[in-house]
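Close look at the chain arrangement
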Amino acid sequence: MWSLLRPIRALLGSVALLLLGNGLINTLLTLRGADEGFSTSLIGLIMSGYFIGFIGGTWISGRLIKRMGHIRTFAFCAGLCASAALLHLIFINPWVWLGLRVIYGLSFITLMTVIESWLNSQAASHQRGRVFAIYMVVNLGALAIAQQILRLDSPDGFLLFALASILISWALLPITITKRSQPVIPARPKSSLKALLGFAPLAVAASAMSGLAMGAFWTLTPVYARSVGFDVAGVGVVMSCAIIGGALLQIPIGRFSDTHDRPRVMTYVVILAAIAAAAMPFAPNPLTLLGLYFLWGGLSFSIYPIAVAQLIDQLHPDEIVAGSADMLVVQGAGSAVAPILAGVIMHSVGDQGLPLYIAVVMALLAGYAIYRRRHVSVLVSGDTAHFEPMTPTSSQALEMMYDDVQKDLFADPSFYEEHERQRIVEMAGKA
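The residue count restarts for each chain, going from 1 along the sequence in the order it is written. Where totals are concerned, whole chains, interfaces and linings use all residues; where local detail is concerned, this predicted model gives features only for residues with pLDDT of at least 70, and gives and counts side-chain atom pairs only at 80 or more. Water and hydrogen atoms were dropped before computing side-chain values, which therefore reflect all heavy atoms in the structure.

Named according to an unreviewed UniProt entry, the chain is MFS transporter originating from Salinicola socius.

Pasting the structure below:
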């Protein structure tokens, strides 16, 4: 294990500090915006800026890294993120905050691209699966711990914003002192979204609807938790419960989907997630609500990786990275729209509109999944893919995750013949 961690310990240190700061500032801004009197619809609009920047960064980050190099790009973007955290205090204006969130989102995805491309290059091909697993533990662990930093001060003060800025700045330290050589960023894979919609619409729909649900969760749950009686520390507990549920339940749910009909497993997961969300307004006490968030988090955090695994079941090996990258953009687009939609609903019907909105999104996805299962046969190209627990991240992580998948599929010479045969059959059926 030490031989595996030694080349990447600086990168893991940087990502832990970066996600501590990021997890803190995301929740903090929602709470501070509510305390400043911003409506939920306005808070939703502001927080959607992060995901807009995230989408833009998926195209810009590679070019920026090629021009400036990994370390200088990381320093440049970390400086932007750290200063943006403090600028929210200087300019308490919703439109300034919206612009800051766009810049922050674009810079943050670039930071993650730097780290993940470096992790990808440092790990041998046979170790990348374990490296990614460790990376996800650090990722989700840091996000969960970040919510507990809220206990240190009020969102109306200076301390929490300063801590977020300090943590992001500290993320510079491990990565800038490393002696490891900088990797080469490959060209961004060509988009294949139109083709994906043609032969894997359920996977694409699940990715989009996952974004519509998760984007609302990340941005507006603090407002909802405050409205039902939780204090600032309690808000952190609510967020942590969902994140820990996602961390603990993703793997058993995903492994179950590996050995059973994946679309059916997805359907059950989505239905249960809808029920858990719909039950939240009727929770008789805070402990029950925390349990529902733990269950909902475990189910909802699993939807996107199940969708990616299902997509890969249907892809040619050399399409995996491009297809998965398109799924990331689709999920980001859903996440960008979600805070606006959920914010408007909460503004119109009250804060209980958030879990009801999420329940409706999950129910719509469940209905579409049931329709697809009853009326359309899913064609699987070769062996099914292995589920990988994940959160939406840069396309560099996708290469790390599915390097072994591509290698195994390329090693099977019958794969191409079967893949093309199934596509011909599908096209004939559509005709």
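Still more to cover.
1. A closer look at the overall build of the chain
Here a strand is any run of E in DSSP of at least two residues, a helix any run of H or I of at least four, and the numbering for each starts at the N terminus. When helices and strands are tallied, the chain shows 17 helices and zero strands. Throughout, exposure labels follow a simple rule: accessible area from a 1.4 Å probe, protein chains only, divided by the maximum for the residue type, with under 20% read as buried, over 50% as exposed, and the rest as partly exposed. Looking at the 431 residues of the chain, the share that counts as buried comes to 58%. Whether two residues are in contact is decided by their heavy atoms, any of which lying within 4.5 Å being enough. Within the chain, counting contacts between residues at least 6 apart in sequence, those at least 24 apart form 86% of the total. For the chain, the exposed surface amounts to about 17,000 Å²; the carbon and sulfur share of it is 66%. Note on areas: Shrake-Rupley with a 1.4 Å probe; residue coverage comes only from the protein chains shown.

2. Looking at the pattern of salt bridges
A pairing counts as a salt bridge when a side-chain nitrogen of Lys or Arg comes within 4 Å of a carboxyl oxygen of Asp or Glu. Applying the stated rule across the entire model yields two salt bridges. We note a salt bridge from Glu 36 to Arg 32, for which the minimum N-O separation is 2.8 Å. Arg 32 sits in the buried class, given a relative accessible area of 7%.

3. With respect to the packing of helix H10 (residues 201–227) against helix H11 (residues 232–259)
Look at H10 against H11: their axes get within 9 Å of each other, and the N-to-C directions meet at 135°. What the angle tells us is that H10 and H11 run oblique. Where H10 crosses over H11, the two elements pack in a sense that is right-handed. In this structure, H10 uses Phe 217, Trp 218, Thr 221, Pro 222, Ala 225 and Arg 226 to contact H11, whose residues at the interface are Val 232, Val 235, Val 238, Met 239, Ala 242 and Ile 243. The residue makeup of the contact of H10 with H11, split by class, is ten nonpolar, one polar and one charged. Inter-axis angles, ranging from 0 to 180 degrees, are taken between N-to-C directions of lines fitted to C-alpha atoms, where helices are fitted over the stretch in contact. In this scheme, roughly parallel covers angles under 35 degrees and roughly antiparallel covers those over 145, while 65 to 115 is roughly perpendicular and the rest are oblique. In this scheme the handedness of a crossing depends on how the near helix is turned from the far one: anticlockwise by less than a right angle means left-handed, clockwise means right-handed. Put simply, Ala, Val, Leu, Ile, Met, Phe, Trp, Tyr, Cys and Pro go in the nonpolar bin, Asp, Glu, Lys and Arg in the charged bin, and everything else, Gly too, in the polar bin.

4. Looking at the packing of aromatic side chains
Aromatic rings from Phe, Tyr and Trp, taking only the six-membered ring of Trp, are treated as a pair when their centres fall within 6.5 Å; an angle between ring planes under 30 degrees marks them as stacked, one over 60 as edge-to-face, and anything in between as tilted. Under the defined criterion, the tally for this structure stands at 13 aromatic pairs. Arranged with centres 5.1 Å apart and planes meeting at 85°, the rings of Tyr 50 and Phe 51 form a pair that is edge-to-face. Both residues of the pair, Tyr 50 and Phe 51, count as buried. Ring geometry for Tyr 50 versus Tyr 104: centroids 6.1 Å apart, planes at 40°, classification tilted. Of this pair, Tyr 50 sits in helix H3 (residues 40–68) while Tyr 104 sits in helix H5 (residues 94–122), and the two are 54 residues apart along the sequence. Like Tyr 104, Tyr 50 is buried.

5. Some points on the confidence of the model for the chain
Across the chain, the average pLDDT comes to 80, with 75% of residues at 70 or higher. Per residue, pLDDT measures the predictor's confidence, with a range of 0 to 100. The element-level mean pLDDT for the chain is lowest in helix H17 (residues 414–430), coming to 44, with helix H7 (residues 159–170) highest at 95.

6. Topic: the nonpolar core
As a rule of thumb, soluble globular proteins bury nonpolar side chains together. Membership of the largest hydrophobic core comes to 127 residues, with the highest contact counts inside it found for Phe 74, Tyr 135, Trp 296 and Met 362. Bear in mind that the domain bounds are from an automatic or database domain assignment. Residue contributions to this core reach at least three from each of two domains, namely domain 1 (8–180 + 394–430) and domain 2 (191–392). Once residues lying within four places of it in the same chain are set aside, the contact partners of Met 362 are Met 209, Ala 213, Val 270, Ala 273, Ala 274, Ser 300 and Ile 303. Among the buried residues, those of types Ala, Val, Leu, Ile, Met, Phe, Trp, Tyr and Cys that are joined through side-chain atoms within 4.5 Å form a nonpolar core.

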